[in-house]
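Chain residues, written in single-letter form:
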Amino acid sequence: MEDFSQIEFASNTDVFSATELRSEIESFRDIDYARLSKKAIALAPGTGMEPNDLLQEALFRALKEKGGRNCPCNVNPAIFLGNVMRSIATHARLDWAREVPACTTGEDESGPIENTPDSAPSPEEATIAHLDYGRIIDRLEEMFRDDPKAQAIIIGDMEGWTPDEIREMEPMSTKEYDTARKRVRRSLLREFPEDPTNE
Amino acid sequence: MSKDQKNMREKLERLSNSLADEIDAMTDEEFESELEEASEDLIDIANRTRTLINNAMDNIGRQKLISARAGYEQHKSEDHDNILQWSHERKQKLIHQFSQDDNDFEQKLTLAARNEGDTESDIDSIIEDLIELGIIDDKGNLI
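Here is what the cut-offs are and how they apply
- Residues numbered from 1 in each chain as written.
- Chains lettered and ligands numbered in written order.
- Predicted model: local features only at pLDDT ≥ 70, side-chain atom pairs only at ≥ 80, totals over all residues.
- Heavy atoms only, no water.
- Helix = DSSP H or I, 4+ residues; strand = E, 2+ residues; numbered from the N terminus.
- Buried < 20%, exposed > 50% of the residue type's maximum accessible area, 1.4 Å probe, protein only.
- Areas by Shrake-Rupley, 256 points an atom, 1.4 Å probe, with all protein chains shown as cover.
- Salt bridge = Lys/Arg side-chain N within 4 Å of Asp/Glu carboxyl O.
- Contact = heavy atoms within 4.5 Å.
- Phe/Tyr/Trp six-rings, centres within 6.5 Å; stacked < 30°, edge-to-face > 60°.
- Lys NZ or Arg CZ within 6 Å of the ring centre and 35° of its normal.
- Buried area = accessible area lost by both parts, 1.4 Å probe.
- Polar contact = N/O pair within 3.5 Å; in protein donor to acceptor, adjacent residues only side chain to side chain.

**Student:** Would you explain the overall build of chain B in this entry?
**Tutor:** When helices and strands are counted, chain B shows six helices and zero strands. Walking chain B from its N terminus toward its C terminus, one meets helices and strands in the order α-α-α-α-α-α. For chain B, the residues scored as buried account for 32% of the 143 residues in total. A total accessible area of about 9,000 Å² is found for chain B, and carbon and sulfur atoms account for 47% of it.

Below, the structure is given as structure tokens:
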């Protein structure tokens, strides 16, 4: 049988306590706060949460001592909070887009489970989620309609392409690529197309 | 989740994560310079975010305090149920109730009091004996 006691011991001693983490956060520089604010704007789309709510939720989880997420002492707390936001955002998007219950398709695949109460969204909710993701993506493409280089970067990032693959789709020099990427970043971090789930 | 829906969610997630990665990858100078180019005020953004974070931390602190206080109150009320946690006066009163019909017991108590032996530990010791003998339970009820 494996002995997990050492792991437990190590994990408990190598993380900031809530008090220590709070003190670390209070000593953030202006630029750390600004980066966190921009990261919240980058990560909130499609989560159904406002950027500020995402940041507050990350703080709540990071400062919760029991059952929360503890910041390892060797990790910059500002980076850690960013990673907590990313994790919350991923889960929030999954929650929002949960699978439409099998019973709503009219096909009897679930047997007795079909009649049990289900916390999954209604077909209407699932359809709204579906449409909303589509609307955000449409709005993104619309934002850069007159800027093919920026649009290529948006599409490339969404597809998970490398910079070379993006430049292959829309021919541009490295400098043009960097400038276009900066335009995309500046626009989206100023105002990501509004998430219709928040309207 | 339909394939299409999953696909759109993943696309949005990749774009969001890519933007967040870029923020991490920028040096302080690059980040500051981009804000300047976008006519955004670093100090203003920082101040708004600091206020948001401080308010959130204060709320979390208040919630923790409320929850700790509730826990303490519960603990206190549970403790007060236990006879050994009663006040000295309350314990004395209980003991003297027992001694009213028992002259020997009353005499022992009087002697103990006279010898300044009627201390908290003496009273506790008597109570423990009463519990052990099955005369009272740990809440002070007669069995």
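**Student:** Just to check I follow, could you spell out unusual backbone geometry for this structure?
**Tutor:** Where the residue is not glycine, phi is negative for most of them; where a peptide bond is considered, it is trans in most cases. Even without glycine at this site, Ser39 of chain B takes up a positive phi of about 55°. Secondary-structure assignment places Ser39 of chain B in the loop between α2 (28-37) and α3 (42-81).

**Student:** Even after reading the chapter, I still don't get the pattern of salt bridges, so can you show me in this structure?
**Tutor:** Between side chains of opposite charge, a pair can form as their charged atoms come close. Evaluation of the coordinates by the stated rule reveals 24 salt bridges over all chains. A single salt-bridge network, built from bridges that share partners, covers Asp157, Arg181 and Arg185 of chain A together with Glu22 and Glu34 of chain B.

**Student:** Teacher, can you tell me more about the environment of Val84 of chain A here?
**Tutor:** Residue and element names in this part refer to chain A. Structurally, Val84 can be placed in helix α5 (residues 77-96). A relative accessible area of 4% means that Val84 is categorised as buried. In this structure Val84 touches Ala58, Arg61 and Arg69, once residues within four positions along its chain are discounted.

**Student:** Help me understand the packing of aromatic side chains, please; the structure alone is not making it clear to me.
**Tutor:** Ring pairs (aromatic) are described by centroid distance and by the angle formed between their planes. Inspection of every chain in the model, using the stated rule, returns one aromatic pair over all chains. Aromatic side chains Phe28 of chain A and Tyr33 of chain A sit 5.6 Å apart centroid to centroid with 65° between the ring planes, which places their arrangement in the edge-to-face category. Residue classification places Phe28 of chain A among the buried positions, given a relative accessible area of 8%. Tyr33 of chain A sits in the buried class, given a relative accessible area of 0%. Over the face of the ring belonging to Phe31 of chain B we find Arg35 of chain A, whose NZ or CZ atom lies 5.1 Å from the ring centre. When the ring centre of Trp86 of chain B is taken as reference, the NZ or CZ atom of Arg90 of chain B above it lies at 3.6 Å.

**Student:** Help me understand the interface of chain B and chain A, please; the structure alone is not making it clear to me.
**Tutor:** Counting residues at the interface gives 46 residues for chain B, matched by 54 residues for chain A. Between chain B and chain A, roughly 4,900 Å² of surface is buried when both sides are summed, and carbon and sulfur atoms account for 61% of that area. Its largest share of buried area at the contact with chain A, chain B owes to Leu12, Leu15 and Met57 of chain B, together 13% of the area lost on that side. One salt bridge in this structure joins Glu37 of chain B and Lys182 of chain A, with 3.5 Å as the shortest N-O distance. Taken together, chain B and chain A are joined by 22 residue pairs in polar contact (both at pLDDT 80 or more).

**Student:** How do you make sense of the environment of Lys64 of chain B when you look at a structure like this?
**Tutor:** Its place among the elements puts Lys64 of chain B in helix α3. Of the residues examined, Lys64 of chain B reaches a relative accessible area of 36% and is grouped as partly exposed. The contact partners of Lys64 of chain B, leaving out residues within four places of it in the chain, are Ala18, Leu63 and Glu65 of chain A.

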